Amino acid sequence: MQLFAFGINHNTAPLSIREQVSFPEDKMEHALHDLVGHHAVKEAAIVSTCNRTEIYCNTEKPDAAVCWLTDFHRLPERELEPYLYRLPRELAVKHAFRVASGLDSMVIGEPQILGQMKNAIKSAENAGTLGLLLHKLFQRTFFVAKEVRTSTEIGACSVSMAAAAARLAERIFGEISEQNVLFIGAGEMIELCATHFAAKRPKRITVANRTAERAEALSRRFGARPISLSELPEQLALHDIVVTCTASPLPILGKGMLERAIKIRKHRPIFIVDLAVPRDVELEVADLDDVFLYYVDDLADIVKEGLDSRMSAVAQAETIIESNVVDFMRWLAARELVPTIRALRDQAERFRRHELVRAQKLLAKGEDPEKILESLSNGLTNKFLHLPSSLLNHAADDEREKLVELINRLYQLHYPQ
């Protein structure tokens, strides 16, 4: 079993790189089948969020798995290489534990990543790419995350991305209660943002989504008005605050649409937070006057507030993680010994059967049972000791001493004084 993890995250790669290797939910199963079906990978799971794309796999050829990622996204390897981390064996285990526990997030201690990892593993299970190694890894990963959350204060005082968006809007407008808010998308992140903004009692909330049912369900919860994405060009100018997070592979809000909206608003400012990866808002929109545009990485300073109060909890969490890494590597080492132990037992069974058949034939001939038992025990003893004895007798001078020490340990030999 060759455990290997690799990927990029918000610490190693800018948003412009992360959005190029993200995996939309509707392409996840195809990607997993492609990786396991056509490359030297036995098992695989892909974690893809706005802050990271990581692949956990069981493979004897890590470089082939890395090449698959760049090939799948039609990205030159040299463009991704500077941002990529490679994590073999225990480094992969520790990383998985830290990610699920919220220690590797932009928001230290945020709980959403655990749900995102569970969804990733569910996708791998549905695709049939999760085997014994990764199943055991993530089973332990979720156990560790739960232990960290119940045994430490890692989640205390954490400022989520959703809360950071609301806080930033307040800094710009002062009172959100006087503003109209538009949410584009209806996923988990938008739901979290809607919770924080709704608590500020904005003048009006609108939800735009590709699927009407999702928009209507979210609207009922927050007293909002649902619209379709096709209505955005006409509705955009009516809103002061826009929060968008969809799975669209292409931008939803372009420079032309924003220019028209600003003109209709007579240059009253629009505040936009784009939490999507890939981005929902064209990069050129940032050049427009009267548009305050923030992407997911721009919220980093705000979400780091309260980090000092969580540092003692981080230290406790790291201790829990280290202990569990040791336990998992012991399990993995034991699993790696299984083929050797099985082969040793198979050989011993062949010896036993050979001597047993020989003894049964002699008994059938009517020979003395006591002599047959003596011969049986001598035959087994000679077979078991022949190979180690022969190895010792033919060992070179420089390896004989090590072999003697090893055999003494294996057979727990004690020499007479």
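Please read all numbers here as calculations on a predicted model, not as lab measurements.

Participant: What's the story with the overall build of the chain in this structure? I'm lost.
Facilitator: Scanning the chain from terminus to terminus reveals 16 helices and 10 strands. Here the C-alpha atoms of the chain give a radius of gyration of 31 Å, more than 25% beyond the 22 Å that 2.2 N^0.38 yields for 417 residues. Seen along its three principal axes, the alpha-carbon backbone of the chain occupies a region of about 110 × 45 × 40 Å. Classification of the 417 residues of the chain by burial places 46% in the buried group.

Participant: Hey, could you run me through the domain arrangement of the chain in this one?
Facilitator: How big an interface is tends to be reported as the loss of accessible area on association of its parts. For the chain, the domain assignment lists domain 1 (3–154), domain 2 (161–304) and domain 3 (368–411). The C-alpha centroid of domain 3 is placed 49 Å from the C-alpha centroid of domain 1.

Participant: Looking at this model, I keep getting lost on the packing of helix H6 (residues 112–127) against helix H7 (residues 132–151). Mind explaining?
Facilitator: Two packed helices can be described by the angle between their axes and the distance between those axes. Where H6 meets H7, the closest approach of the two axes is 11 Å, and the angle between their N-to-C directions is 160 degrees. With respect to H7, the axis of H6 lies roughly antiparallel. Crossing of H6 against H7: the hand is left-handed. Facing Leu 114, Met 117, Lys 118, Ile 121 and Glu 125 of H6, the residues of H7 in contact are His 135, Phe 138, Thr 141, Phe 142 and Ala 145. A breakdown of the residues in the contact of H6 with H7 according to their chemical character gives six nonpolar, two polar and two charged.

Participant: What exactly am I supposed to notice about the side chain of Asp 280 here?
Facilitator: The topology assignment puts Asp 280 in the loop between strand S9 (270–274) and strand S10 (291–295). Excluding residues within four positions of it along the chain, Asp 280 makes contact with Thr 244, Cys 245, Thr 246, Ser 248, Pro 251, Ile 252, Leu 253 and Asp 274.

Participant: Explain unusual backbone geometry here, please?
Facilitator: Negative phi values dominate among residues other than glycine, just as trans dominates among peptide bonds. In this structure, the amide linkage connecting Val 277 to the following residue, Pro 278, adopts the cis form with an omega of 0 degrees. Note that Pro 278 resides in the loop between S9 and S10. In this structure, Arg 74 is a non-glycine residue whose phi angle is positive, near 50 degrees. A positive phi is found at Arg 89, a non-glycine position, where the angle reads about 45 degrees. When its relative accessible area of 27% is taken as the criterion, Arg 89 is described as partly exposed.

Participant: Looking at this structure, how should I read the nonpolar core?
Facilitator: Side chains of nonpolar character tend, in soluble globular proteins, to be buried together. Phe 6, Tyr 56, Met 117, Leu 137 and Phe 138 are the most contacted members of the largest nonpolar core, which has 64 residues in total. A total of nine residues in this core trace back to one element, the largest contributor, which is helix H14 (residues 307–364). In this structure Leu 137 touches Leu 3, Tyr 56, Val 93, Ala 96, Phe 97 and Phe 328, once residues within four positions along its chain are discounted. Counting 61 residues, the second largest nonpolar core, distinct from the first, contains Met 189, Phe 222, Leu 275 and Leu 293.

Participant: Would you mind going over the sheet that holds strand S2 (residues 41–48) with me for this structure?
Facilitator: The pairing of strands in a sheet happens through backbone hydrogen bonds and is either parallel or antiparallel. Read across the open sheet, the four strands follow the order S2-S3-S1-S4; overall the sheet is antiparallel. Lying at the two open borders of the sheet, with one neighbouring strand each, are S2 and strand S4 (85–88). Taken pair by pair, the neighbouring strands of this sheet meet at an average axis angle of 15 degrees, ignoring direction. Note that strand S1 (residues 3–9) and strand S3 (residues 52–59) share seven bridges and pair antiparallel. Bridging from a neighbouring strand, Phe 6 pairs with Ile 55 of S3.

Participant: When you look at the state of the cysteines in this model, what are you seeing that I'm missing?
Facilitator: By definition, a disulfide links the sulfur atoms of two cysteine residues through a covalent bond. For the structure shown, the criterion picks out zero disulfides. The closest cysteine sulfur to the non-disulfide-bonded Cys 67 is located on Cys 57, 12 Å from its own sulfur. The thiol of Cys 245 is not disulfide-bonded; the next cysteine sulfur, from Cys 50, is found 6.6 Å away.

Participant: Even after reading the chapter, I still don't get the packing of helix H2 (residues 28–38) against H6, so can you show me in this structure?
Facilitator: Contact geometry for H2 and H6: axes closest at 9 Å, N-to-C directions at 60 degrees. In terms of orientation, H2 and H6 fall into the oblique class. For the pair H2 and H6, the sense of crossing is right-handed. Between H2 and H6, the contacting residues are Met 28, Glu 29, Leu 32 and His 33 on the first element and Ser 123, Ala 124 and Ala 127 on the second. Split by residue class, the contact of H2 with H6 holds four nonpolar, two polar and one charged.

Participant: What should I look at first to understand the UniProt feature "binding site: NADP(+)" (unreviewed entry) in the chain in this one?
Facilitator: Those residues carrying the UniProt feature "binding site: NADP(+)" (unreviewed entry) are Gly 185, Ala 186, Gly 187, Glu 188, Met 189 and Ile 190 in this numbering. Summarising the element assignment, Gly 185 is placed in the loop between strand S5 (180–184) and helix H9 (188–198). Each residue touching Gly 185, except ones within four places of it in the same chain, is listed here: Ile 190, Val 207, Ala 208, Asn 209, Leu 218, Cys 245 and Thr 246. Topologically, Ile 190 is positioned in helix H9. The contact partners of Ile 190, leaving out residues within four places of it in the chain, are Phe 183, Ile 184, Gly 185, Leu 218, Val 243, Thr 244 and Cys 245.

Participant: Help me out: how do you make sense of the sheet that holds S9 in this one?
Facilitator: Taken in spatial order, the six strands of this open sheet run S7-S6-S5-S8-S9-S10, and their pairing is parallel. Each having just a single partner strand, strand S7 (225–228) and S10 make up the two edges of the open sheet. Put simply, the sheet's adjacent strands are angled 20 degrees from each other on average, direction ignored. Along the sheet, helix H8 (residues 161–173) contacts strand S8 (241–244), S9 and S10; its crossing angle with S9, the most-contacted strand, is approximately 160 degrees. Packing of helix H12 (residues 255–264) onto the sheet brings it into contact with S9 and S10, and relative to S9 it is tilted by some 155 degrees.

Participant: Even after reading the chapter, I still don't get the UniProt feature "active site" (unreviewed entry) in the chain, so can you show me in this structure?
Facilitator: Under the local residue numbering, the UniProt record ascribes the feature "active site" (unreviewed entry) to Cys 50. Residue position: Cys 50 is located in the loop between S2 and S3. With sequence-adjacent residues up to four places away left out, Cys 50 is seen in contact with Arg 18, Leu 275, Val 277 and Val 296.

What counts as what
- Residues numbered from 1 in each chain as written.
- Predicted model: local features only at pLDDT ≥ 70, side-chain atom pairs only at ≥ 80, totals over all residues.
- Heavy atoms only, no water.
- Helix = DSSP H or I, 4+ residues; strand = E, 2+ residues; numbered from the N terminus.
- Rg over C-alpha atoms; globule rule 2.2 N^0.38 Å.
- Buried < 20%, exposed > 50% of the residue type's maximum accessible area, 1.4 Å probe, protein only.
- Domains from an automatic or database assignment.
- Axes fitted to C-alpha atoms, helices over the stretch in contact; angles between N-to-C directions.
- Parallel < 35°, antiparallel > 145°, perpendicular 65-115°, else oblique.
- Left-handed = near helix turned anticlockwise from the far one by under 90°.
- Contact = heavy atoms within 4.5 Å.
- Nonpolar A, V, L, I, M, F, W, Y, C, P; charged D, E, K, R; others polar.
- Core = buried A, V, L, I, M, F, W, Y, C linked by side-chain atoms within 4.5 Å.
- Pairing = 2+ DSSP bridges.
- Disulfide = S-S within 2.5 Å.
- UniProt positions renumbered as here; feature names shortened; annotations may be inferred.

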